[in-house]
Amino acid sequence: MRIGTGYDVHRLVEGRKLIIGGVDIPHVKGLLGHSDADVLTHAIMDAILGALALGDIGKHFPDTDENFSGADSIQLLSHVNNLISKKGYKIANIDSTIIAQRPKISPYIESMRKIIAKTLDTDIENISVKATTEEKLGFTGNEEGISAQSVCLLVKK
């Protein structure tokens, strides 16, 4: 068994799409980043990479590499899934939390779970996505950004 944790945060800005967990969420602002800035998928990738002691997403997909400019994070997650398989592991479960004051995330959670489960070749029951606000406190509460946390458990195949 291997356990890993992940965290990611991105600033909300005008003129960008808001993509979380591979889902395009209608909102007046989107997340700023080198890729699509999908905080949930980034946190999940960091949790997996940490569990395998393979570094973080910055090591695998550096923001200095133009090949990853505007990258679809779900495609990057697919690459991370290949690393899981090569190391002889599979997903036992992933538990994640999105921290955002707005927009409301709950209508999109099931779609996120389906996309993530499909990308990681696991049952949807192994993927948990939750959302919370910070009661208008801090940068997420002030709607300056969105963050996500994730923990994963990997088991030998």
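Peer 1: Can you help me understand unusual backbone geometry in this one?
Peer 2: Of all residues except glycine, most have a negative phi; of all peptide bonds, most are trans. With omega at 0°, the peptide bond leading from Arg102 into Pro103 counts as cis. Structurally, Pro103 is set in the loop between β5 (89-99) and α4 (109-119). Phi angles above zero are rare outside glycine, and Ala53 is one such case at about 55°. With respect to the helices and strands, the residue Ala53 is situated in the loop between α1 (39-51) and α2 (57-60).

Peer 1: Any chance you could explain the packing of helix α3 (residues 73-86) against α4 here in plain terms?
Peer 2: Where α3 contacts α4, the two axes come as close as 9 Å, and the packing angle between them is 40°. Classified by the angle between their axes, α3 and α4 sit oblique to one another. The residues of α4 that touch α3, namely those facing Ile74, Leu77, Ser78 and Asn81, are Ile115, Ile116 and Thr119. In terms of residue class, the contact of α3 with α4 is made up of four nonpolar, three polar and no charged.

Peer 1: Just checking my understanding: could you explain the pairing of strand β7 (residues 145-156) for this structure?
Peer 2: Put simply, side chains in a regular strand alternate between the two faces of the sheet. Bridge count between strand β1 (residues 2-13) and β7: ten bridges; the pairing is antiparallel. Counterpart to Arg2 in the pairing with β7 is Leu154. Where β5 lies against β7, ten bridges are found, and the strand directions are antiparallel. Considered in β7, the bridge of Thr97 is made with Gln149.

Peer 1: Please clarify how the nonpolar core should be interpreted in this entry.
Peer 2: Note that soluble globular proteins tend to have their nonpolar side chains buried in a common cluster. Ranked by internal contacts, the top residues of the largest apolar core, which has 45 residues, are Ile20, Ile48, Met112, Leu120, Ile146 and Leu154. Among the elements that line this core, the one with the most residues is α1, at nine residues.

Peer 1: Just to check I follow, could you spell out the packing of α1 against α3 for this structure?
Peer 2: Two quantities define a packed helix pair, namely the angle between the axes and the distance from one axis to the other. The N-to-C vectors of α1 and α3 enclose an angle of 15°; their axes lie 10 Å apart at closest approach. The angle between the axes of α1 and α3 places the two elements in the roughly parallel class. Note that α1 runs across α3; the crossing there is left-handed. For the pair α1 and α3, the contacting residues are Thr41, His42, Ile44, Met45, Ile48 and Leu49 in the first and Ser73, Ile74, Leu76, Leu77, Val80, Leu83 and Ile84 in the second. Considered class by class, the residues forming the contact of α1 with α3 number ten nonpolar, three polar and no charged.

Peer 1: Explain the environment of Lys17 to me, please; I cannot follow it from the model alone.
Peer 2: The topology assignment puts Lys17 in the loop between β1 and β2 (18-20). The exposed category is assigned to Lys17, whose relative accessible area is 55%. Taking the C-alpha atoms as reference points, Lys17 and His27, ten residues apart in sequence, are found 7.8 Å from one another. Here Lys17 is in contact with Asp24, Gly30 and Leu31, once residues within four sequence places are set aside. At 3.4 Å, the side chain of Lys17 and the side chain of Asp24 are in polar contact.

Thresholds, definitions, all that
- Positions within a chain are numbered from 1, following the residues in the order the chain's sequence is written.
- Local features in this predicted model are restricted to residues of pLDDT 70 or higher, and side-chain atom pairs are both shown and tallied only at a pLDDT of 80 or more, whereas totals for entire chains, interfaces and linings draw on every residue.
- Calculated side-chain values reflect all of the structure's heavy atoms, with hydrogen atoms and water omitted.
- Strands are runs of DSSP state E lasting at least two residues, helices are runs of H or I lasting at least four, and both sets are numbered from the N terminus onward.
- All axes here are fitted lines through C-alpha atoms, helices being fitted over the stretch that makes contact, and every angle between N-to-C directions spans 0 to 180 degrees.
- Note that the term roughly parallel is reserved for angles under 35 degrees, roughly antiparallel for angles over 145, roughly perpendicular for angles of 65 to 115, and oblique for everything else.
- Contacts: residue pairs with any heavy atoms within 4.5 Å of one another.
- For this classification, Asp, Glu, Lys and Arg are treated as charged, while Ala, Val, Leu, Ile, Met, Phe, Trp, Tyr, Cys and Pro are nonpolar and the rest, including Gly, are polar.
- Should DSSP find at least two bridges between two strands, the strands are regarded as paired.
- Throughout this description, the term nonpolar core refers to a set of buried Ala, Val, Leu, Ile, Met, Phe, Trp, Tyr and Cys residues connected via side-chain atoms within 4.5 Å.
- Using a 1.4 Å probe on the protein chains alone, a residue whose accessible area is under 20% of its type maximum counts as buried, one over 50% counts as exposed, and one in between counts as partly exposed.
- Crossings are assigned a handedness: left-handed for a near helix turned anticlockwise from the far helix by less than a right angle, right-handed for a clockwise turn.
- In protein, a polar contact means a hydrogen-donor-capable atom and an acceptor-capable atom, both N or O and within 3.5 Å, with residues adjacent in sequence counting only if both atoms are side-chain atoms; elsewhere, any N or O pair within 3.5 Å suffices.

By themselves, these figures tell us nothing about what the structure is for.
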